[in-house]
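Working through the structure, step by step
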Amino acid sequence: MTTGTTGLPRSYLFIWAALVGLLTATLALAYVPMPGPLNLMLALGISAAKALLVLALFMKLFRAPALTRAAAAAGLFWLAVLFALSATDYLTRKVEPAGDLSAPTGREYQSGDR
């Protein structure tokens, strides 16, 4: 009987360090003001990189059987459909002004007015 250490493979530690580094980059990006949608695009790129790391290396999706890959692709397809339908609902709403209403200050309901 051999007495070897049964620890995590070294690749998992590198992947974990990469995920923590990308998490730190996302957190730092939240505090950096950028013009236009650049902040959003960088955050989405970092999250896509994290998702690819998890899919490829932890889930071993690229070496999985064809049926497993098809199920993952179908899930991503339906997620994209749900996002697209939500976006069309949000983008086609007509915003109408509520009139000349002031913001509530709390002074409307003082104890002497009741």
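The model shown is predicted, which means the values in this text are computed figures rather than measured ones.

1. Digging into the overall build of the chain
A count of helices and strands for the chain gives three helices and zero strands. Secondary structure of the chain in N-to-C order comes out as α-α-α. Across the chain, every contact between residues at least 6 apart in sequence was considered, and the portion connecting residues at least 24 apart equals 52%.

2. What to know about the packing of aromatic side chains
Counting across every chain of the model gives two aromatic pairs. Ring geometry for Tyr-12 versus Phe-58: centroids 5.6 Å apart, planes at 35 degrees, classification tilted. Taken together, the residues span a long stretch of sequence, with Tyr-12 in helix H1 (residues 10-30) and Phe-58 in helix H2 (residues 38-58) at a distance of 46 residues. On the basis of an interplanar angle of 70 degrees and a centroid distance of 5.2 Å, the ring pair of Phe-77 and Trp-78 is categorised as edge-to-face. The exposed category is assigned to Trp-78, whose relative accessible area is 54%.

3. Examining H2
Here H2 is 21 residues long and its end C-alpha atoms lie 29 Å apart, about the 30 Å a rise of 1.5 Å per residue gives. Where H2 terminates, the next one or two residues include Lys-60, which has phi positive at roughly 50 degrees.

4. Observations regarding H1
In an α-helix, one turn spans 3.6 residues, which is why side chains three or four residues apart end up on the same side. Relative to the 30 Å expected for 21 residues at 1.5 Å per residue, H1 spans 31 Å between its end C-alpha atoms, a close match to the ideal helical length. Looking at H1, one finds that the buried residues are Ile-15, Leu-19 and Leu-29. Seen end-on, H1 carries its buried residues on one side only, within an arc spanning 85 degrees. Across H1 from its buried face, at more than 90 degrees, point the exposed residues Arg-10, Phe-14, Trp-16 and Leu-27.

5. Section: a nonpolar patch on the surface
A cluster of nonpolar side chains, contributed by Leu-40, Met-41 and Leu-44, occupies part of the molecular surface with about 320 Å² of accessible area. As for its placement among the helices and strands, Leu-40 is situated in helix H2.

6. Quick notes on unusual backbone geometry
If you check the backbone angles, Lys-60 has positive phi at about 50 degrees while not being a glycine. As for its placement among the helices and strands, Lys-60 is situated in the loop between H2 and helix H3 (66-91). Residue Lys-60 is classed as partly exposed on the basis of its relative accessible area, which comes to 38%.

7. Here's the deal with the confidence of the model for the chain
Overall, the prediction assigns the chain a mean pLDDT of 84, with 85% of residues at 70 or greater. Put simply, H2 is where the chain has its lowest mean pLDDT, 90, and H3 is where it has its highest, 93.

Calculation notes
- Residues numbered from 1 in each chain as written.
- Predicted model: local features only at pLDDT ≥ 70, side-chain atom pairs only at ≥ 80, totals over all residues.
- Heavy atoms only, no water.
- Helix = DSSP H or I, 4+ residues; strand = E, 2+ residues; numbered from the N terminus.
- Contact = heavy atoms within 4.5 Å.
- Phe/Tyr/Trp six-rings, centres within 6.5 Å; stacked < 30°, edge-to-face > 60°.
- Buried < 20%, exposed > 50% of the residue type's maximum accessible area, 1.4 Å probe, protein only.
- Expected span 1.5 Å × (residues − 1).
- Arc of directions from axis to C-beta.
- Patch = residues over 30% accessible without salt bridge, like charges linked within 9 Å, V, L, I, M, F, W, Y side chains within 5 Å.
- Areas by Shrake-Rupley, 256 points an atom, 1.4 Å probe, with all protein chains shown as cover.
- Salt bridge = Lys/Arg side-chain N within 4 Å of Asp/Glu carboxyl O.
- pLDDT = per-residue confidence, 0-100.

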